[in-house]
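As a plain string of letters, each chain reads:
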Amino acid sequence: MRDIDLKTLRLFVAVCDCRSMARAAEQEHIEPSAISKRIAQLEDDLGVELLVRGRRGVQATPVGLALLEHARSAVFTVDRIVADAAAFSGTAGLEGHVRLIATASAIAEALLDDIASFMREPDNENIKVDIEERVSRDLVRAVRDGNASLGVCWDQADFEGLAQRAYRKDRLALAVYAGHALVGRPSLRFEQTLDFEHVGLPPSTAVHTMLQRAAARAGRTVAYRVIVSTFDAALRVVAANLGVGVVPIEVGRRSAVGADIVLIPIDDAWAERSFAICFRDFAALPPPSRRLVDHLQARAAAAGRAA
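Here is what the cut-offs are and how they apply
- Residues numbered from 1 in each chain as written.
- Predicted model: local features only at pLDDT ≥ 70, side-chain atom pairs only at ≥ 80, totals over all residues.
- Heavy atoms only, no water.
- Helix = DSSP H or I, 4+ residues; strand = E, 2+ residues; numbered from the N terminus.
- Rg over C-alpha atoms; globule rule 2.2 N^0.38 Å.
- Buried < 20%, exposed > 50% of the residue type's maximum accessible area, 1.4 Å probe, protein only.
- Contact = heavy atoms within 4.5 Å.
- Salt bridge = Lys/Arg side-chain N within 4 Å of Asp/Glu carboxyl O.
- Phe/Tyr/Trp six-rings, centres within 6.5 Å; stacked < 30°, edge-to-face > 60°.
- Lys NZ or Arg CZ within 6 Å of the ring centre and 35° of its normal.
- pLDDT = per-residue confidence, 0-100.
- Axes fitted to C-alpha atoms, helices over the stretch in contact; angles between N-to-C directions.
- Parallel < 35°, antiparallel > 145°, perpendicular 65-115°, else oblique.
- Nonpolar A, V, L, I, M, F, W, Y, C, P; charged D, E, K, R; others polar.
- Left-handed = near helix turned anticlockwise from the far one by under 90°.

Visitor: Please explain the overall build of the protein as it appears in this structure.
Guide: Along the protein, the regular secondary structure elements total 11 helices and 11 strands. Rg of the C-alpha trace for the protein: 25 Å, well past the compact-globule value of 19 Å for 307 residues, more than 25% over. Based on the C-alpha atoms only, the size of the protein along its principal axes is roughly 75 × 45 × 35 Å. For the protein, with 307 residues in total, the buried portion stands at 44%. Across the protein, the fraction of contacts at a sequence separation of at least 24, relative to all contacts at a separation of at least 6, is 71%.

And the structure:
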């Protein structure tokens, strides 16, 4: 079989998206007959039918849909390779490109503000920063495998030998509806929340694991009424009086403005968390990545002094 041509894959994706050879040809600035010939050759090379051609356009076959997923990934990967190469060569007008992966907790708090501060500095205005959200174990794997330069997550994660530097700290609090029975307490232990139904994040998140372990140490379990994907969604559920939720206190303070939510700090020692920036080797990082690490640490140190 001949090697699959990237241009053909790009045209195949366009045809599937447009569901029309003519519209795809117009979008890609090529003759419809040329697209048809390329895809026919791809079908011949693979020995399968990828598209069903009809009076109302074209539709991917089951095999075509399977190929479409791989084609999108291949085209995306190659486009990123070109963009990264352009960033380091300066042909795109960039001095550098940093790919950073962070957990939902880190993104929900100060990380985005810290990165925005970094990019506003004149010396960094030509540095591009890509941010992607992953759970801790996937984040560590991506950094370890070289798919990202930096990761930011809870410092109790298994870093699998990656180097780390300290970043910010946060404290967890219980978010409750304004009329809840717990309102009025200056603080509480997590065990005292277990008599109430919780709203929580998915089992793959570090917060979920932390709360499960804390409940187990108390000989209890967490009764989840609702599982949501973000802290903001959890706070909306709390505001509807459908459960209580453990959230970072700074996130809660931002979302509780104008809402019927009260935040009660959790006293347990584990409720004060520290985040870390991880990477394979600081000395081997490109200069833009090293500069970003230094900036994030400086912002965290300044915030600690202000507190």
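Visitor: Help me out: how do you make sense of unusual backbone geometry in this one?
Guide: Glycine aside, negative phi is the norm for most residues, and most peptide bonds take the trans geometry. Unusually for a residue other than glycine, R19 sits at a positive phi of about 55°. Not every positive phi belongs to a glycine, and H29 is a case in point at roughly 60°. Looking at the element boundaries, H29 is found in the loop between α2 (21-28) and α3 (32-46).

Visitor: I tried to follow the pattern of salt bridges on my own but got confused; where do I start?
Guide: Pairing between side chains of opposite charge can happen when their charged atoms approach one another. By the definition in use, this model includes 14 salt bridges. In this structure, R168 and D114 form a salt bridge, with 2.8 Å as the shortest nitrogen-oxygen distance. With R168 in strand β6 (residues 163-177) and D114 in helix α6 (residues 111-120), the pair connects residues that are 54 residues apart, well separated along the chain. When its relative accessible area of 19% is taken as the criterion, R168 is described as buried. A relative accessible area of 0% places D114 in the buried class. Among the ionic pairs, R141 bridges to D138, the shortest N-O distance being 2.9 Å. Taken together, the residues span about one helical turn, with R141 and D138 both in helix α7 (residues 136-144) at a distance of 3 residues.

Visitor: How do you make sense of the packing of aromatic side chains when you look at a structure like this?
Guide: Any two aromatic rings considered together are summarised by their centre-to-centre distance and by the angle between their planes. Under the definition given, this model contains 2 aromatic pairs. Measuring from ring centre to ring centre gives 5.5 Å for F190 and W270, while their planes differ by 80°; the resulting arrangement is edge-to-face. In this pair, F190 sits in the loop between β6 and β7 (198-200) while W270 sits in the loop between β10 (261-265) and β11 (272-279), placing the two residues 80 residues apart along the sequence. Both residues of the pair, F190 and W270, count as buried. For the pair F279 and F282, a centre-to-centre distance of 5.6 Å together with 55° between the ring planes defines the contact as tilted. Relative accessible area serves as the criterion here: at 2%, F279 is assigned to the buried category. Stacked on the ring of F282, the Lys or Arg R165 has its end atom at 3.9 Å from the ring centre.

Visitor: Looking at this model, I keep getting lost on the confidence of the model for the protein. Mind explaining?
Guide: Keep in mind that low pLDDT regions are not for reading the predicted coordinates in detail. Of all residues in the protein, 93% have pLDDT values of 70 or greater, and the mean over the chain is 89. When the elements of the protein are averaged for pLDDT, helix α4 (residues 62-89) gives the smallest value, 79, and β7 the largest, 95.

Visitor: Sorry if this is basic, but what is going on with the packing of helix α1 (residues 6-18) against α3 here?
Guide: Between two packed helices, what matters for the description is the angle formed by their axes and the separation of those axes. Closest axis-to-axis distance for the α1/α3 pair is 10 Å, and the angle between their directions is 110°. Overall, the two elements α1 and α3 adopt an arrangement that is roughly perpendicular. Residues K7, T8, L9, L11, F12 and V15 of α1 pack against I35, R38, I39 and L42 of α3. Of the residues belonging to the contact of α1 with α3, the class tally is 7 nonpolar, 1 polar and 2 charged.

Visitor: Quick question: what am I supposed to make of the environment of V176 here?
Guide: With respect to the element layout, V176 can be found in strand β6. For the pair V176 and V237, spaced 61 residues apart in the sequence, the C-alpha separation amounts to 9.7 Å. Not counting chain neighbours up to four residues away, the residues in contact with V176 comprise V183, V238, V244, D260, I261, V262 and I264.

Visitor: I keep staring at the environment of G200 and nothing clicks. Help me out?
Guide: By the element assignment, G200 lies in strand β7. A sequence separation of 35 residues divides G200 from L235, and the C-alpha atoms of the two residues are 9.8 Å apart. Beyond its immediate stretch of four places on either side in the chain, G200 contacts Y224, V226, I227 and V228.

Visitor: I'm lost on the packing of α1 against α2 in this one. Help?
Guide: Where α1 meets α2, the closest approach of the two axes is 8 Å, and the angle between their N-to-C directions is 125°. Judged on the interaxial angle alone, α2 and α1 are oblique. Considering how the two elements wind past one another, α1 and α2 form a crossing that is right-handed. Between α1 and α2, the residues in contact are K7, R10, L11, A14, V15 and C18 and M21, R23, A24, Q27 and E28, respectively. In terms of residue class, the contact of α1 with α2 is made up of 6 nonpolar, 1 polar and 4 charged.

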